[in-house]
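Descriptive analysis of the structure
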Amino acid sequence: MPTFDPVRSFRKLAYNNALANRRLLQACAALKPGEFEAPRTSFFPSIKETLNHIVTVDWFYVDGMEGGTLGFQAFEVDEPFDDVASLAQAQAEVDRRLMALCEALTPEKLASTVRLHRGDRIQEERMEDVLSHLFQHQTHHRGQVHAMLAGTSVAPPQLDEFIVADDARFRGSEVAELGWSEETIMR
């Protein structure tokens, strides 16, 4: 009987997050001129605004979990990226940081306190709660971009073929392109 590893789910979610972001941003890179920034119906009124929100929120939370003090400076510019290519590069960088953070997790680190700098106060939360919140936030807003893509010239990509071993046949080449292995992500 395998032993339970409380860190395993967070590691897998970090890899899932990076793959889903990659797929979504690759789809957005194929948009026709004007579609990226075109007004749409959603919480943020464009694909561009939603994707910029995802990356800046990632900066805020990942920095906090790394022990940094970036705080609200992450949001100084509402939309730091005007094009998909530079946004995709920044997203991939913060995704790598999140994967490294999750790779280094231990049960003790999951229970540790994260200090999030929120201007006039420091919010203290458990690491496992911040991670859960961040993964939920990303899934929520990626879903909005996915829905907005349905109204463009680009078909929304498959974003949920990752967590279970049986889905390896759907992600094989992407895993290799990212330098990962099935053994790494499924352990």
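What you see is a predicted model; the values in this text were computed from it and never measured. (Residues numbered from 1 in each chain as written. Predicted model: local features only at pLDDT ≥ 70, side-chain atom pairs only at ≥ 80, totals over all residues. Heavy atoms only, no water.)

1. Considerations on empty space enclosed by the protein
What counts, and what does not: With a 1 Å grid spanning the protein atoms alone, the term cavity applies to any set of points in which a 1.4 Å probe fits but cannot get out, the term pocket to an open set with protein on both sides within 12 Å along at least five of seven lines, and the term lining residue to any residue with an atom within 4 Å of a point. Grid points are joined across faces, edges and corners, and a volume is the space filled by probe spheres set on the points. Each residue gets one of three labels, nonpolar for Ala, Val, Leu, Ile, Met, Phe, Trp, Tyr, Cys and Pro, charged for Asp, Glu, Lys and Arg, and polar for the others, Gly among them.
One pass over the full model with this rule turns up one cavity of 30 Å³ or more. Roughly 30 Å³ of volume is contained in the largest cavity. Around the largest cavity, the lining residues are Asn 16, Leu 19, Ala 20, Arg 23, Gln 158, Leu 159, Glu 161 and Phe 162. Broken down by class, the residue content of the lining of the largest cavity amounts to four nonpolar, two polar and two charged.

2. What to know about the packing of aromatic side chains
Aromatic rings in a pair are described by how distant their centres are and how their planes are angled relative to each other. Short version of the rule: Each Phe, Tyr or Trp ring (for Trp, its six-membered ring) is paired with any other whose centre lies within 6.5 Å, and the angle between the two planes then decides the class: stacked below 30 degrees, edge-to-face above 60, tilted in between. Helix and strand definitions follow DSSP, with helices as H or I runs of at least four residues and strands as E runs of at least two, each counted in order from the N terminus. Per-residue accessibility, obtained with a 1.4 Å probe over protein chains only, is compared with the maximum for each type, and a residue is labelled buried under 20%, exposed over 50%, and partly exposed between these values.
Going through the model one piece at a time under the given rule, you end up with seven aromatic pairs. Seen in terms of ring centroids, Tyr 15 and Trp 180 are 4.8 Å apart; in terms of plane orientation they differ by 85°. Their pairing is edge-to-face. Taken together, the residues span a long stretch of sequence, with Tyr 15 in helix 1 (residues 8-29) and Trp 180 in the loop between helix 6 (168-177) and helix 7 (182-186) at a distance of 165 residues. Taken individually, Tyr 15 and Trp 180 each receive the classification buried, so the pair is uniform in this respect. Ring geometry for Phe 43 against Phe 44: centres 5.1 Å apart, planes inclined by 75°, an arrangement best described as edge-to-face. With a relative accessible area of 62%, Phe 43 lands in the exposed category. Looking at Phe 44, the relative accessible area reads 18%, which means it is buried. Through a chain of ring-to-ring contacts, three or more aromatic side chains come together here, namely Phe 60, Tyr 61, Phe 72 and Phe 75.

3. Details of helix 1
For an α-helix the count is 3.6 residues per turn, leaving residues at separations of three or four pointing the same way. Cut-off, in case you're wondering: A helix is expected to span 1.5 Å for every residue after the first.
A rise of 1.5 Å per residue sets the reference length of helix 1, with its 22 residues, at 32 Å; its end C-alpha atoms lie 32 Å apart and thus fit the reference within 8%. Across the 22 residues that make up helix 1, a large majority, 16, are buried.

4. Points about the pattern of salt bridges
Rules: Any carboxyl oxygen of Asp or Glu within 4 Å of a side-chain nitrogen of Lys or Arg constitutes a salt bridge here.
Inspection of every chain in the model, using the stated rule, returns 11 salt bridges. In this structure, Glu 103 engages Arg 187 in a salt bridge whose closest nitrogen and oxygen atoms are separated by 2.1 Å. Of this pair, Glu 103 sits in helix 3 (residues 84-103) while Arg 187 sits in the segment after helix 7, placing them 84 residues apart in sequence. For Arg 187, a relative accessible area of 41% gives the class partly exposed. Arg 126 is the salt-bridge partner of Glu 128, the closest N and O atoms lying 2.4 Å from each other. Exposure remark for Glu 128: the relative accessible area of 25% places this residue in the partly exposed category. Taking the relative accessible area as the measure of exposure, Arg 126 reaches 39% and is therefore partly exposed. Each member of the salt-bridge network shares a partner with another, and the members are Arg 22, Arg 23, Glu 174 and Glu 177.

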